[in-house]
Amino acid sequence: MKKTFSVNLGNQVYYIDDDAYQRLQEYLDRIEGYFSDQKEREDIMNDIELRISELFSERLGIGKQVVTLKDVEEMISIMGDPRVISGKEEEPRFTRERRTGPRRIYRDPDDRMIGGVCSGLGAYLGIDTVIVRILFILFLIFGIGFLVYIILWIVVPEAKTTAQKLEMRGDSVNVSNIGNFFKEEFENVKKSFRGKKK
Amino acid sequence: MDFENAKAQMRKGVLEFCILSILSRSDAYATDILNKLKESKLIVVEGTLYPLLSRQKNAGLLSYRWEESSQGPPRKYYVLTDKGREALKELESSWRELIDAVDSILRK
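Counting restarts for each chain: residues are numbered from 1 in the order of the written sequence. Labels are handed out in written order, letters beginning with A for the chains and numbers beginning with 1 for the ligands. For a predicted model such as this one, the threshold for reporting local features is a pLDDT of at least 70, and the threshold for listing and counting side-chain atom pairs is 80 or more; totals across whole chains, interfaces and linings nevertheless cover every residue. Side-chain numbers come from the whole structure's heavy atoms, not from hydrogens or water.

Caption draft 1: Molecular detail of unusual backbone geometry. With a phi close to 65°, Asn-11 of chain A is a non-glycine residue in the positive phi region. On the secondary structure map, Asn-11 of chain A appears in the loop between strand S1 (4-9) and strand S2 (12-17). Each residue's exposure class comes from its accessible area (1.4 Å probe, protein chains only) as a fraction of the maximum for that residue type: buried when under 20%, exposed when over 50%, partly exposed otherwise. Relative accessible area serves as the criterion here: at 64%, Asn-11 of chain A is assigned to the exposed category. Positive phi outside glycine occurs at Lys-41 of chain B, with the angle close to 55°. Secondary structure follows DSSP: runs of H or I at least 4 residues long count as helices, runs of E at least 2 residues long count as strands, and numbering of each begins at the N terminus. Inspection of the secondary structure assignment puts Lys-41 of chain B in the loop between helix H2 (30-39) and helix H3 (49-58). Overall, the relative accessible area of 72% leaves Lys-41 of chain B in the exposed class.

Caption draft 2: Seen up close, the interface of chain B and chain A. We call two residues contacting when some pair of their heavy atoms lies within 4.5 Å. Facing the 22 residues of chain B at the interface are 22 residues of chain A. Accessible area that two parts lose when put together, with a 1.4 Å probe and added across both, is what the buried area reports. Between chain B and chain A, the buried area comes to about 1800 Å², and carbon and sulfur atoms account for 54% of it. Salt bridge, as applied in this entry: a Lys or Arg side-chain nitrogen positioned within 4 Å of an Asp or Glu carboxyl oxygen. Counting across the chain B and chain A interface gives three salt bridges. Here Asp-47 of chain A ties to Lys-76 of chain B by a salt bridge, and the two come within 2.8 Å at their closest N and O atoms. Definition of a polar contact: a pair of N or O atoms within 3.5 Å, with one able to donate and the other able to accept a hydrogen when the atoms are protein atoms, and with sequence-neighbouring residues admitted only if both atoms are side-chain atoms. Run the count over chain B and chain A and you get nine residue pairs in polar contact (both at pLDDT 80 or more). For the side of chain B that touches chain A, the element with the highest residue contribution is H3 of chain B, accounting for six residues. Under the grouping applied here, Gly and all other residues not named as nonpolar or charged are polar, the nonpolar ones being Ala, Val, Leu, Ile, Met, Phe, Trp, Tyr, Cys and Pro and the charged ones Asp, Glu, Lys and Arg. A per-class count over the side of chain B that touches chain A returns ten nonpolar, seven polar and five charged.

Caption draft 3: Broad picture of the packing of aromatic side chains. Two rings belonging to Phe, Tyr or Trp (six-membered ring only in the last case) form a pair when the distance between their centres is within 6.5 Å. Interplanar angles under 30 degrees mark stacking, angles over 60 mark edge-to-face geometry, and anything in between is tilted. In this structure the tally under the stated criterion is seven aromatic pairs over all chains. Each ring, one from Tyr-149 of chain A and one from Trp-153 of chain A, has its centre 6.0 Å from the other, and the planes form 75°; the classification is edge-to-face. You can see Tyr-149 of chain A and its partner Trp-153 of chain A sitting in helix H7 (residues 145-155), four residues apart, about one turn around the helix. Ring centres of Tyr-29 of chain B and Tyr-77 of chain B lie 5.5 Å apart, and the angle between their planes is 40°; this geometry places the pair in the tilted category. On the criterion of sequence distance, the pair formed by Tyr-29 of chain B in strand S1 (residues 28-29) and Tyr-77 of chain B in strand S3 (residues 75-80) is long-range, its members being 48 residues apart. Look at Tyr-77 of chain B and you get buried, because its relative accessible area is 13%. Site record: aromatic cluster; members linked through ring pairs are Tyr-64, Trp-66 and Tyr-78 of chain B. A cation over a ring is seen here: Lys-76 of chain B above Tyr-64 of chain B, with NZ or CZ 4.5 Å from the ring centre. Our definition puts a charge over a ring when NZ of Lys or CZ of Arg is within 6 Å of the ring centre and also within 35 degrees of the ring normal.

Caption draft 4: Focus on the side chain of Glu-16 of chain B. Assignment of secondary structure puts Glu-16 of chain B in helix H1 (residues 4-25). Once residues within four sequence positions are removed from consideration, Glu-16 of chain B is found in contact with Leu-52, Arg-55 and Gln-56 of chain B.

Caption draft 5: Layout of the sheet that holds S1 of chain B. Residue and element names in this part refer to chain B. Two strands make a pair as long as DSSP finds a minimum of two bridges between them. Spatially, three strands are ordered S1-S3-S2 in an open sheet, and the strand pairing comes out antiparallel. Each having just a single partner strand, S1 and strand S2 (62-67) make up the two edges of the open sheet. Two elements, S1 and S3, share two bridges in a ladder whose sense is antiparallel. When the bridges of S3 are listed, Tyr-29 appears paired with Tyr-77. Packed onto the sheet, H1 meets S1, S2 and S3 and runs at close to 95° relative to S3. An axis is simply a line fitted to the C-alpha atoms; with a helix, the fit covers only the stretch in contact. Between two such axes, the angle follows the N-to-C directions and lies from 0 to 180 degrees.

Caption draft 6: Inspection of the sheet that holds S1 of chain A at higher detail. All names here are of chain A. Reading across the sheet, the three strands line up as S1-S2-S3 and stay open at both edges, with mixed pairing between neighbours. Edge strands, defined here as strands with exactly one partner in the open sheet, are S1 and strand S3 (66-67). In terms of strand pairing, S2 meets S3 through two bridges, oriented parallel. Looking across to S3, one finds that Ile-16 is bridged to Val-67. Along the sheet face, helix H2 (residues 38-59) touches S1, S2 and S3 and points at about 125° away from the line of S1.

Caption draft 7: Seen up close, the pairing of S3 of chain B. Residues and elements named next belong to chain B. Most of S3 sits out of view: five of its six residues are buried. Of the pairings in the sheet, the one linking S2 to S3 comprises six bridges and is antiparallel in character. Residue pairing for S3: Ser-63 is matched across the bridge by Val-79.

Keep in mind these values describe shape, not function.
Here it is, written out as structure tokens:
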């Protein structure tokens with residue numbers, strides 16, 4: 001059993017497998033990355049989506065209602081590599097940033113020594129928790145660290161929900177990211193379970 | 001020496017000429033144009049067509065209209081504008097000149 005998404009390509013709705021969706025999204029993003037002029041980019045992406053829509057509709061019928069990874073791969077081999085499409089030599093000038101959600105500061109209850117302040121701060125600033133902890137310990141030696149830690153512990157809220165944990169890392173909160181998050185969590189639990197068995 | 005770039009540039013120029021020429025016979029949507037270009041082996045992967053269409057449209061050589069399709073998505077029919085016709089005429093004459101010139105050198 002596979003999870004499917006529904007996508008709109010050239011005003012047609014298609015059901016598409018999870019893995020096929022990821023591949024398609026990545027492909028379209030890469031093409032888009034090659035065209036910096038907005039008007040040009042919109043034209044080209046519209047035309048390409050129309051053609052992809054047509055190629056998919058040729059492959060679907062009564063016995064087949066979902067676009068699979070194989071369909072997407074076939075489509076890509078017909079449409080061609082993004083670099084060839086662009087006719088440009090250089091790598092794309094801008095890549096689309098997928099992690100677009102605003103970051104918020106939370107305490108991380110899953111990775112904590114005392115209150116989760118350092119790991120939350122690390123996630124917010126995008127630096128390793130260990131470095132934050134060492135800095136704090138250094139602060140501590142010089143006197144003010146302890147107070148700062150207690151204040152932050154009180155002021156910074158704990159990331160309780162999945163949405164908050166995603167915000168903590170700067171991931172945008174959407175269905176796909178929440179799905180990924182649970183997948184990761186599940187793997188972690190499995191790993192730690194195996195570790196304990198040994 | 002690397003001839004890939006020269007070949008790519010040459011093909012691109014010829015492609016633009018051929019797109020205008022195909023559209024001068026009748027309006028066509030991308031897939032029609034693609035099929036003709038593929039028949040004559042001018043194009044390998046389809047995606048290369050779209051940047052050319054966009055450029056010609058933005059240069060005022062093409063316009064387009066929408067038509068519903070009985071199956072699949074609506075079709076975007078490309079139409080040659082008056083400016084496009086003039087460009088085609090110019091390209092045709094310079095194409096013939098070029099062929100004659102290259103031929104005369106190759107034969108020597």
